[in-house]
Amino acid sequence: MVAALGACHHDAPITSCEQDLSGTFDSSGARWMLTERRGALEGYPLFDDSGRGSSDEVAPRWLELTRTPAGITGLVRRRYMRGAARCEAETPARIVGCAGDTLELVLADPIPPLSFTPCRFGRPDGSRRERWRRVR
């Protein structure tokens, strides 16, 4: 029975950024799900990432990344709403390393808008490096 369950596990250990990076990852106690289709990667939090405490409606962050000859790059996005007004904030993100079942990402969090009509944003916080370890 144990051998049969192990045979059903499809996630090969991550040894390179060239392979499919789909899976569940832990980043300092916060879990993320990455999916990959045709060179496009999407990442979604598996924890409450709704920005509670704000008077505005704040959607969870999500990642949109693309494989290019220069590497895996894209954006961290977050939607903010105040009544009918909606602003989508974004900051750059990239995967800079893949080995030992761990992804190394460089990213920054999107920040709330300074105004909603029109959407205007301040300067985002500096980027940081995160390690995402695959959860098996």
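Structure shown above.
Cut-off values and rules
Residues numbered from 1 in each chain as written. Predicted model: local features only at pLDDT ≥ 70, side-chain atom pairs only at ≥ 80, totals over all residues. Heavy atoms only, no water. Phe/Tyr/Trp six-rings, centres within 6.5 Å; stacked < 30°, edge-to-face > 60°. Helix = DSSP H or I, 4+ residues; strand = E, 2+ residues; numbered from the N terminus. Buried < 20%, exposed > 50% of the residue type's maximum accessible area, 1.4 Å probe, protein only.

Details of the packing of aromatic side chains
Thought 1: Tallying each qualifying case throughout the model produces 3 aromatic pairs.
Thought 2: Taking the centre distance of 5.7 Å and the plane angle of 75° together, the rings of Trp 32 and Phe 47 count as edge-to-face. With a gap of 15 residues between them, Trp 32 in strand E2 (residues 30-37) and Phe 47 in the loop between strand E3 (40-45) and strand E4 (57-58) connect regions that are remote in the sequence.
Thought 3: On the basis of relative accessibility, which here comes to 5%, the residue Trp 32 falls in the buried class.
Thought 4: Exposure remark for Phe 47: the relative accessible area of 28% places this residue in the partly exposed category.
Thought 5: Relative to Trp 132, the ring of Trp 32 lies with its centre 5.1 Å away and its plane at 20°, an arrangement referred to as stacked. With Trp 32 in strand E2 and Trp 132 in strand E11 (residues 128-134), this residue pair connects regions lying 100 residues apart in the sequence. As far as the burial class goes, Trp 32 and Trp 132 line up, both buried.
Thought 6: Taken together, the ring pairs connect Phe 25, Trp 32, Phe 47 and Trp 132 into an aromatic cluster.

These figures come from the coordinates and say nothing about function on their own.
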